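# What the coordinates show
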Amino acid sequence: MNEVIQQAKDIITGYDGPKIRIMEVCGTHTHEIFRLGIRSLLPENIDLISGPGCPVCVTPIGYIDEAVFLALEKNCLITTFGDLIKVPGTEMSLAGARAKGGNIRPVYSPDDAVEIAKENPDTQVVFLAVGFETTTPAACLAVKKAKELNLNNFSILTANKSMPNAYQKLKGSADAFIYPGHVNAITGNKVCKELKDQGVSGVVAGFTATELMTALAVTIEMLKKGEPFFVNCYPRVVRDEGSPVAIKLMDEVMELCDTEWRGLGIIEKSGMELRKEYSDFNARIKYSIPEIKGKPNPACRCGEVLQGHCKPSDCPMFGKACTPTHAVGACMVSDEGACSAYYQYGRSF
Ligand code: SF4
């Protein structure tokens with residue numbers, strides 16, 4: 001064990017102050033903290049809760065219904081990251097749509113979808129663009145490329161999310177946030193510093209054992225001081241200014257819009273939609289998708305899990321009616337979902 005990890009471990013295991021709640025906003029952090037065994041080090045007075053930083057989990061049911069509509073009613077080839085295929089919609093998942101004859105194909109990147117459209121000019125290809133500032137630039141690049149190639153058989157269905165206003169909704173959920181390192185690598189730290197000025201504390205963390213242990217130890221030490229704080233614990237990747245190139249690209253192709261988050265409802269200016277200059281590539285406009293209100297399974301507690309109001313193991317269906325092979329909610333489907341992490345690594349936490 002290296003010296004930094006040992007010091008961090010001493011701080012974490014030795015904490016004997018009042019109960020504190022720390023939210024790991026990012027789904028990858030949730031999984032890594034479990035996988036690395038860090039959660040088992042926590043004393044009882046440190047409550048680590050999961051947040052809404054899993055792109056598949058926060059995508060609302062109505063979005064799945066829209067994709068099913070495009071597959072079955074408009075005969076589009078739906079290209080998507082694999083996780084999304086299994087997420088239940090109101091009537092069916094995309095896997096269910098495939099069983100009914102829908103053409104659904106997993107891809108590794110939006111660029112793959114553009115290539116499929118290029119090679120199949122008679123097929124209408126739609127890419128399901130979900131995710132945060134980490135994946136949105138790639139969707140923007142794909143749209144720009146399709147425009148340059150004059151492809152009239154490619155479009156995207158957006159559910160892209162932007163984190164800053166979501167933090168406003170999460171205020172009060174925890175004593176401190178562990179901010180997602182890969183999002184801050186794009187957006188920079190301005191928002192986190194503004195949150196600190198509003199009394200909201202947090203650290204930005206990387207993904208290795210050393211980085212995560214350090215971030216937790218710094219959070220504990222700073223919370224002991226009782227003042228709002230922000231510390232960049234991932235300086236090898238995250239710069240205060242973020243990635244100006246990615247920010248410029250997103251601003252050129254997309255603009256902020258109000259959008260629905262599973263469990264969090266509509267959050268003002270927290271979504272990304274194509275600008276009107278790129279509306280030919282907007283699947284909602286191109287296919288006149290009617291307004292679809294998804295109906296969540298009332299027994300699924302994903303919404304509460306995503307806000308840190310309950311733990312996956314508090315859901316009565318966890319590990320019984322709901323498992324990774326028969327998921328009732330998105331948080332059990334996604335590799336970044338909290339329910340899937342709890343199921344995989346530690347059902348007793
Ligand atoms: S265990 Fe399943 S049903 Fe319960 S909150 Fe998680 S995803 Fe939803």
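The sections below set out a description of the structure shown in this document. Nothing here was measured: the structure is a model prediction, and the numbers come from that model.

The rules we used
- Residues numbered from 1 in each chain as written.
- Predicted model: local features only at pLDDT ≥ 70, side-chain atom pairs only at ≥ 80, totals over all residues.
- Heavy atoms only, no water.
- Near = heavy atom within 4 Å.
- 1 Å grid on protein atoms, 1.4 Å probe; cavity = no way out; pocket = protein on both sides within 12 Å on 5 of 7 lines; lining within 4 Å.
- Sits in = over half its atoms within 2 Å of the grid points.
- Nonpolar A, V, L, I, M, F, W, Y, C, P; charged D, E, K, R; others polar.
- Helix = DSSP H or I, 4+ residues; strand = E, 2+ residues; numbered from the N terminus.
- Polar contact = N/O pair within 3.5 Å; in protein donor to acceptor, adjacent residues only side chain to side chain.
- Core = buried A, V, L, I, M, F, W, Y, C linked by side-chain atoms within 4.5 Å.
- Buried < 20%, exposed > 50% of the residue type's maximum accessible area, 1.4 Å probe, protein only.
- Contact = heavy atoms within 4.5 Å.
- Pairing = 2+ DSSP bridges.
- Axes fitted to C-alpha atoms, helices over the stretch in contact; angles between N-to-C directions.
- Disulfide = S-S within 2.5 Å.

In this section: the site of the ligand. Near the ligand you find Cys 300, Arg 301, Cys 302, Cys 315, Met 317, Phe 318, Cys 322, Val 328, Gly 329, Met 332 and Cys 339, and these make up its full shell. One can see that the ligand is located within the largest cavity. Looking at side-chain class alone, the shell around the ligand contains nine nonpolar, one polar and one charged residues.

Locating Ser 334 in the fold gives a position in the loop between helix 15 (330-333) and helix 16 (338-345). In this structure the side chain of Ser 334 is engaged in a polar contact, spanning 3.4 Å, whose partner is the side chain of Asp 83.

Right, let's get into the nonpolar core. If you look at the biggest cluster of nonpolar residues, it comprises 72 residues, and the most contacted ones within it are Leu 70, Ile 78, Val 126, Leu 128, Leu 157 and Tyr 179. No other element matches the seven residues that helix 4 (residues 61-72) contributes to this core. Leu 128 has contacts with Tyr 63, Ala 67, Ile 78, Thr 79, Thr 80, Leu 84, Leu 94 and Leu 157, leaving out every residue within four places of it along the chain. Membership of the second largest hydrophobic core comes to 27 residues, among which are Val 125, Phe 154, Ala 246 and Tyr 278.

Further remarks concern the sheet that holds strand 8 (residues 202-205). Strand order in this open sheet of five strands is 2-1-7-8-9, and the pairing throughout is parallel. At either margin of the open sheet sits one strand with a lone partner, and together these are strand 2 (46-53) and strand 9 (230-232). Neighbour to neighbour, the strand axes of the sheet diverge by 20° on average, direction disregarded. Note that strand 1 (residues 20-26) and strand 2 share six bridges and pair parallel. Looking at the pairing, Glu 24 lines up with Ser 50 of strand 2.

Once that is clear, we can look at the state of the cysteines. One pass over the full model with this rule turns up one disulfide. The disulfide that involves Cys 54 links it to Cys 57, with 2.4 Å between the sulfurs. Of note, the bridge from Cys 54 to Cys 57 carries an S-S torsion of about 70° and is right-handed in sense. One exposure class covers both Cys 54 and Cys 57, and it is buried. Left without a disulfide partner, Cys 233 is nearest to the cysteine sulfur of Cys 192, which lies 11 Å away.

Read these as spatial facts, not as claims about activity.
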